[in-house]
Amino acid sequence: MHRVLILFLGTALLTAPVSIALSQVQKFAPRDESPEEFPAGPGRDETFYACTACHGFKLVAAQGMNRRQWDDTLTFMTTKHGMPGLEGKDRDLVLNYLETAYPPRAPATGGWQNPFLNR
């Protein structure tokens, strides 16, 4: 009986810090950003607010994709991460902004090239 009590107390003492740490995890809150920090254009504000509900807009601005890739990304965010769906004119507005403001980037020239990368 004494061993069981020691085992129980030892387990409780070892798991208590983990439980406390998990209970103190803060919910995500993007840092203060504003639409004005990003390229002007039709749909900038709508795109900014649709994206920053879950993550900072600099994550979006760091991407460079074509319209199909942006569309696939919106679908992925909706189906896998619970983003409210964008349909019709709203989706077109957001896609037009993303396609214009953050198009695919030209591959870097010079420097080290991966010989195994299919080009």
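Residues numbered from 1 in each chain as written. Predicted model: local features only at pLDDT ≥ 70, side-chain atom pairs only at ≥ 80, totals over all residues. Heavy atoms only, no water.

Participant: How should I be thinking about the pattern of salt bridges in this particular structure?
Facilitator: Once their charged atoms are close, side chains differing in charge can pair, the charge on each being opposite to the other. All chains considered together, the criterion is met by 5 salt bridges. Note that aspartate 45 and arginine 44 form a salt bridge whose closest N and O atoms lie 3.7 Å from each other. What makes aspartate 45 partly exposed here is its relative accessible area of 34%. Between arginine 68 and aspartate 72 there is a salt bridge, with the nearest N and O atoms lying 3.1 Å from each other. Residue arginine 68 and its partner aspartate 72 are both found in helix H4 (residues 67-81); the two are separated by 4 residues, about one turn of the helix. Connected through salt bridges with shared partners, the residues Arg67, Asp92 and Glu99 form a single ionic network. (Salt bridge = Lys/Arg side-chain N within 4 Å of Asp/Glu carboxyl O. Buried < 20%, exposed > 50% of the residue type's maximum accessible area, 1.4 Å probe, protein only. Helix = DSSP H or I, 4+ residues; strand = E, 2+ residues; numbered from the N terminus.)

Participant: Would you mind showing me how to read the packing of aromatic side chains here?
Facilitator: Centre-to-centre distance and the angle between the planes together describe a pair of aromatic rings. Overall, the coordinates contain 6 aromatic pairs when judged by the stated rule. A ring pair is formed by phenylalanine 38 and phenylalanine 57, whose centres lie 4.7 Å apart and whose planes are at 70°; its orientation type is edge-to-face. With phenylalanine 38 in the loop between helix H1 (2-23) and helix H2 (44-51) and phenylalanine 57 in helix H3 (residues 57-61), this residue pair connects regions lying 19 residues apart in the sequence. Among the residues examined, phenylalanine 38 registers a relative accessible area of 9% and is labelled buried. Note on phenylalanine 48 and phenylalanine 57: the rings are 5.4 Å apart at their centroids and 50° apart in plane angle, and the pair reads as tilted. The same class applies to phenylalanine 48 and to phenylalanine 57, which are both buried. Ring-pair connections join several aromatic residues into one group, and the members of that group are Phe38, Phe48, Tyr49, Phe57, Tyr97 and Tyr102. (Phe/Tyr/Trp six-rings, centres within 6.5 Å; stacked < 30°, edge-to-face > 60°.)

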